[in-house]
Amino acid sequence: MENKEGFMREAIQLSIEKMQAGWGGPFGAVVVRHGEIIARGYNNVTASNDPTAHAEVDAIRKACAVLGTHQLTDCELYTSCEPCPMCLGAIYWARPKIVYYANNKQDAAQAGFDDQFIYEELALPLAQRTIPMHQLLRDEALVAFREWQNKTNRTEY
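Residues numbered from 1 in each chain as written. Predicted model: local features only at pLDDT ≥ 70, side-chain atom pairs only at ≥ 80, totals over all residues. Heavy atoms only, no water.

> Explain the nonpolar core here, please?
Nonpolar side chains tend toward joint burial in soluble globular proteins. Membership of the largest hydrophobic core comes to 16 residues, with the highest contact counts inside it found for Ala29, Val31, Ile60, Ala63, Leu72 and Leu77. When contributions to this core are tallied by element, the ones reaching two or more residues are strand S1 (28–33), helix H3 (55–67), strand S3 (75–81) and helix H4 (85–94). Ranked by the residues each element gives to this core, the list is headed by H3, at 5 residues. Those residues in contact with Ala29, other than ones at most four positions away along the chain, are Ala11, Leu14, Ala39, Arg40, Gly41, Ala55, Glu56, Ala59, Leu77, Tyr78 and Thr79. Core analysis: the next-biggest nonpolar cluster, separate from the first, contains 9 residues, Met8, Val30, Val32 and Ile37 among them. (Core = buried A, V, L, I, M, F, W, Y, C linked by side-chain atoms within 4.5 Å. Buried < 20%, exposed > 50% of the residue type's maximum accessible area, 1.4 Å probe, protein only. Helix = DSSP H or I, 4+ residues; strand = E, 2+ residues; numbered from the N terminus. Contact = heavy atoms within 4.5 Å.)

Take a look at the structure:
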């Protein structure tokens, strides 16, 4: 399997198989490197009771473990649906060279997976968000950042 459509079909098939098996919602993803699938991920939110266990995050975690790195700069990500805000953040941190998706966020919303409220919340000032967020002990926490900045053997990311 060395074509975009084949890789996407694998992600779509994962979304169907794992959803039917009761793992979670209908989402699948594969990470491809040099024309080979190195990791498969699927939504397992309900099976694991982990709200972060989305297909893209699962695939990224597995691919990083396989490669022994925290970045996927020479990889492609194929996902059965346009990434949600959380997965989009994970994708940007992992830095794949490209992302392909099948269903879009409107398709997801019509199926009951509407993330629009998160996009809207992110645009609001902290004081106006639905979940209250208050800063606490900043001066104490800044110690960790100062130590990080002075650390000579740190791994940049």
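Next comes the rest of the write-up.
> Got a minute to help me understand the packing of aromatic side chains in this structure?
Ring pairs (aromatic) are described by centroid distance and by the angle formed between their planes. Tallied over the full model, the rule gives 4 aromatic pairs. Judged by centre distance (5.3 Å) and plane angle (50 degrees), the rings of Phe7 and Tyr78 are tilted. Separated by 71 residues along the polypeptide, Phe7 in helix H1 (residues 4–20) and Tyr78 in strand S3 bring together distant segments of the chain. The residues Phe7 and Tyr78 share a single accessibility class, namely buried. On the basis of an interplanar angle of 85 degrees and a centroid distance of 4.9 Å, the ring pair of Phe27 and Phe113 is categorised as edge-to-face. Residue Phe27 is located in the loop between H1 and S1, and its partner Phe113 is located in the loop between helix H5 (105–110) and helix H6 (116–123); the two are separated by 86 residues in the primary sequence. (Phe/Tyr/Trp six-rings, centres within 6.5 Å; stacked < 30°, edge-to-face > 60°.)

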